[in-house]
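Read off the chains here:
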Amino acid sequence: MAAAGCPDRIAVETIEQIKSRIEAAVAGARVDIVPNDSPSAQRSLLLDNAHAVAVATFLRDEPGLQFDYASNMTAVDWLDAVLKEKVKVKKLVEGVEKEVEETVEKQRPGYLEAVYHLYSMALKHGPLIIRMRTENRADKNHLPSLTRVWRGCEFQEREGFDLYGIIFDRHPDLRRILMWDGFKDFPMRKDYVEPDDYEYEPTAHYEVLQKAEKHASEKVAT
Amino acid sequence: MSAIAEFDEVAAQGRNYEVLPKALDNGENSGELLEVAMGPHHPSTHGVFRMDVVLDGERVVKLKPVFGYLHRNHEKIAENTTYLASMPYTDRLDYFCSLTNNWAYAMAVEKLAGLQVPERAEYIRVITAELTRLQNHASLVGFLMQDMGALGTPLMYAFREREKILDLFEALTGARMMCNYMRFGGCRVDLPEGWLQQANRVVADFPRFVDEFERLLSENEIIMARSQGVGVLPKQLAINASITGPMLRAAGVNYDIRKVDKYGIYDRFSFRVPLGEHGDVYDRYMMRVLEMRESVKILQQALPAIPEGPIIDPKSKLRGFRPKVGEAYARIEAPKGELGFYLISDGSPNPYRYRVRPPSFINLTILEDMCLGRLVADVVIILGSVDIVLGEVDR
């Protein structure tokens, strides 16, 4: 039981077993387990983009798994970040060699992520969470579309395209869905800057002018 | 920016709906094709929603739903504020069922933070959720009849019953529709004096209303002629397209999250899951009627069994609430289908990612499949039988 009277029924197989079965069935597929230390303990599988469609088809059709129902699909934006890691290093301290813990700073380039929550209606288990990551946030923002495997992802992948700017390759009908055609920029990204004014004709309110001035000065600075 | 240019190019390629199809597959197309925008201001679209329909005479050749008229980026707003401050905002998603929205969000946060819900609060949650289901289904059937041309009468009968339930909500939460009632690890206030007696009366009276409703509608010749065999949704397509709720069960798939996940205390009540055979509009209507009867059964078991005790987890903090780094997905069986919340915490007071899995948005995926080859008048009732609320579709 996870928490708060709401059990997850991953039941049949553990996530490690599913991982090894994928690697046995789909040649060349690389699968990593993404940890989750929160009380929910919902860990997920990170797929490599080249084999994602094959893996998804396997997960749907394999008799023991039968993840026939993609409940939820969504995108997440991860900005460039500095990760701090503790590493044990051998060092000479006052003439004696000792093991010392050091914090190493690592640059992690930002990426966009697509997350799918899979359940099985036939076997009534789940969720199995799979994720895919783009190479970066700017130009290499392609991911394979899983709409061919689960039709239920159609509108949700369009939403990821619309609000996050992920391009889902071979999606049947990739258009903006919630924002209007011709809208520029992706409002759900973390670095999205709100427009100064939402009115069609600019209003000369004090607050709006202040915002516009601030944006202009930021642009000059960068 | 090259990324934006590529994006625009992809979006333009996808815009295939602007090209009218030349002929029907069976070569029946004789006359001119006509493109009609149904909505956004159309009485049958239940809000501001548009369908771009291509017609051959009165037959639908192509149909593309257009969303976003009510879009206010609910998810972004929630990511810019604290966990608790989004609770009243969830009321505005599916504004007919604010209490189930509250429950799904509270459950996701409870999973994320590892909070336990006291027994009494679990009972109150089940009771309010089932009352929500009763009033949602009753008014949906009323709206559906309105779409079929039974102007006013069934809807007013349904609203008369809905009003009694909204009175209960008002007595408990202070608001008829925007309840903002649940908190992480419990509920906001305890039941007021005399509330249980009043609820018992409402529940005891409810089957009489369903009987009366069914006498008027279920065997009505016009309703049967308009809805049977219309908008058929095959079982396999329903599963593959992530359809949930009464629509899925009308197609004959036995999947009710109250039974599958047994969240809250649903394993303590005996109730059945009604299933349809044909997956048409009539079956979807029957699902709602039968589910109302099952909800009454659950309420009749829950109301007398409610224990005394606290209504909120003492560990639950209203201020300075920062869940540990991690993520959680929680889902419930809302009246319209599976309502899920997906949260990612980065240890700060605001969620890093806040996602709503809206049932009625995803149930619209197969709207075109159900409408192809049907008449325009059928489109209206097929859409009515999906049961959408635009506050949730557009978010």
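Relevant structure appears above.
Source: prediction; values computed, not measured.

A. Region of the structure containing the overall build of chain A. For chain A, the helix and strand inventory stands at 4 helices and 9 strands. The order of helices and strands in chain A, counted from the N terminus, is α-β-β-α-β-β-β-β-β-β-α-β-α. Scored against the burial criterion, the 222 residues of chain A give a buried share of 47%. Nonlocal contacts in chain A, meaning residues at least 24 apart in sequence, comprise 56% of its contacts between residues at least 6 apart.

B. Structural context of the packing of helix 1 (residues 15-25) of chain A against helix 2 (residues 52-61) of chain A. Residues and elements named next belong to chain A. One way to put it is that helix 1 packs onto helix 2 with a least axis distance of 10 Å and a crossing angle of 115 degrees. In this structure, helix 1 crosses over helix 2, and the sense of that crossing is right-handed. When helix 1 is examined against helix 2, the residues Ile18, Arg21, Ile22 and Ala25 are found in contact with a partner set consisting of Val55, Phe58 and Leu59.

C. A look at the environment of Asp261(B). Residues and elements named next belong to chain B. Among the structural elements, Asp261 can be located in the loop between helix 11 (257-260) and helix 12 (281-305). A sequence separation of 71 residues divides Asp261 from Ile332, and the C-alpha atoms of the two residues are 8.5 Å apart. Among the polar contacts listed, one links the side chain of Asp261 to the side chain of Arg331, at a separation of 3.1 Å.

D. Layout of the side chain of Asn101(B). All names here are of chain B. Take Asn101: it is sitting in helix 4 (residues 98-113). Residue class for Asn101 comes out buried when judged on its relative accessible area of 1%. Look past the residues within four positions of Asn101 in its chain and what remains in contact with it is Thr90, Asp91, Leu93, Asp94, Leu339 and Phe341.

E. Expanded view of the sheet that holds strand 7 (residues 337-345) of chain B. Residues and elements named next belong to chain B. The antiparallel open sheet is built from 3 strands, whose spatial order is 6-7-8. Unpaired on one side and paired on the other, strand 6 (326-334) and strand 8 (351-357) mark the two borders of the sheet. Looking at each pair of strands side by side, their axes are set apart by 10 degrees on average, direction ignored.

F. The arrangement of the environment of Glu327(B) in detail. As for its position among the elements, Glu327(B) is in strand 6. As a C-alpha pair, Glu327(B) and Gly185(B) span 142 residues in sequence and 17 Å in three-dimensional space. With residues up to four places along the chain from it excluded, the contact list for Glu327(B) reads Asn36(A), Ser38(A), Ser40(A), Gln42(A), Ile129(A), Arg131(A), Leu112(B), Tyr342(B), Leu343(B) and Ile344(B).

G. How the structure looks around the interface of chain B and chain A. Taken together, the contacts link 69 residues of chain B with 68 residues of chain A. Contact between chain B and chain A buries roughly 5700 Å² in total, counting both sides, with carbon and sulfur atoms accounting for 55%. For the pair chain B and chain A, the interface holds 6 salt bridges. Note that Arg131(A) is salt-bridged to Glu327(B), the shortest N-O span being 3.0 Å. If one sorts the elements of the side of chain B that touches chain A by residue count, helix 1 (residues 2-14) of chain B sits on top with 8 residues. Here the side of chain B that touches chain A is built from residues that sort into 33 nonpolar, 14 polar and 22 charged.

H. Examining the nonpolar core more closely. If you look at the biggest cluster of nonpolar residues, it comprises 171 residues, and the most contacted ones within it are Leu59(A), Tyr116(A), Leu131(B), Leu364(B) and Leu367(B). At 13 residues, helix 5 (residues 119-148) of chain B tops the list of elements feeding residues into this core. Among residues more than four places away in sequence, those in contact with Leu364(B) are Phe155(A), Phe49(B), Phe67(B), Leu383(B), Val386(B), Ile388(B) and Val393(B).

I. How the structure looks around the sheet that holds strand 3 (residues 59-66) of chain B. Residue and element names in this part refer to chain B. One open sheet accounts for 3 strands, arranged 1-2-3; its pairing is antiparallel. Every interior strand has two partners, whereas the edge strands, strand 1 (33-38) and strand 3, have only one. Geometrically, the sheet is characterised by an average inter-axis angle of 20 degrees between neighbouring strands, direction not taken into account. Bridge count between strand 1 and strand 2 (residues 50-56): 6 bridges; the pairing is antiparallel. The residue of strand 2 that forms the bridge with Leu33 is Asp56.

J. Highlighting the packing of helix 12 of chain B against helix 15 (residues 376-386) of chain B. Residue and element names in this part refer to chain B. One can describe the packing of helix 12 onto helix 15 by two numbers: an axis separation of 10 Å at closest approach and a directional angle of 30 degrees. Taken together, the axes of helix 12 and helix 15 lie roughly parallel to each other. Helix 15 is crossed by helix 12, and the crossing has left-handed handedness. Judged by residue contacts, Val281, Arg284 and Arg288 of helix 12 engage Ile381, Ile382, Ser385 and Val386 from helix 15. Grouping the amino acids of the contact of helix 12 with helix 15 by side-chain chemistry returns 4 nonpolar, 1 polar and 2 charged.

K. Structural detail: helix 15 of chain B. Residue and element names in this part refer to chain B. Burial analysis of helix 15 places 9 of its 11 residues in the buried class, the great majority of the element. Regarding helix 15, the residues found buried are Asp378, Val379, Val380, Ile381, Ile382, Leu383, Gly384, Ser385 and Val386. Once helix 15 ends, the next one or two residues include Asp387, with phi positive near 70 degrees.

L. How the structure looks around helix 6 (residues 153-173) of chain B. Residue and element names in this part refer to chain B. End to end, helix 6 covers 30 Å across 21 residues, agreeing with the expected 30 Å (1.5 Å per residue, within 8%). Inspection of helix 6 places Pro154, Leu155, Ala158, Glu161, Arg162, Ile165, Leu166, Leu168, Phe169, Leu172 and Thr173 among the buried residues, and these make up the whole buried set. Here the buried face of helix 6 lies against helix 4, helix 5 and helix 7 (195-217). Note on helix 6: the residue one or two positions beyond its end, Gly174, has a positive phi of about 95 degrees.

M. Main features of the pairing of strand 3 (residues 69-78) of chain A. Residues and elements named next belong to chain A. Within strand 3, 10 of the 10 residues are buried, which leaves it mostly tucked inside the rest of the structure. Pairing between strand 3 and strand 6 (residues 111-120): 9 bridges, direction antiparallel. Paired with Asn72 across the strands is His117, a residue of strand 6.

N. Looking closely at the side chain of Ser139(B). Within the secondary structure layout, Ser139(B) lies in helix 5. Of note is the side chain of Ser139(B), whose polar atom sits 2.6 Å from the backbone oxygen of Gln135(B).

Parameters at a glance
Residues numbered from 1 in each chain as written. Chains lettered and ligands numbered in written order. Predicted model: local features only at pLDDT ≥ 70, side-chain atom pairs only at ≥ 80, totals over all residues. Heavy atoms only, no water. Helix = DSSP H or I, 4+ residues; strand = E, 2+ residues; numbered from the N terminus. Buried < 20%, exposed > 50% of the residue type's maximum accessible area, 1.4 Å probe, protein only. Contact = heavy atoms within 4.5 Å. Axes fitted to C-alpha atoms, helices over the stretch in contact; angles between N-to-C directions. Left-handed = near helix turned anticlockwise from the far one by under 90°. Polar contact = N/O pair within 3.5 Å; in protein donor to acceptor, adjacent residues only side chain to side chain. Pairing = 2+ DSSP bridges. Buried area = accessible area lost by both parts, 1.4 Å probe. Salt bridge = Lys/Arg side-chain N within 4 Å of Asp/Glu carboxyl O. Nonpolar A, V, L, I, M, F, W, Y, C, P; charged D, E, K, R; others polar. Core = buried A, V, L, I, M, F, W, Y, C linked by side-chain atoms within 4.5 Å. Parallel < 35°, antiparallel > 145°, perpendicular 65-115°, else oblique. Expected span 1.5 Å × (residues − 1).

Read these as geometric descriptors, not functional statements.
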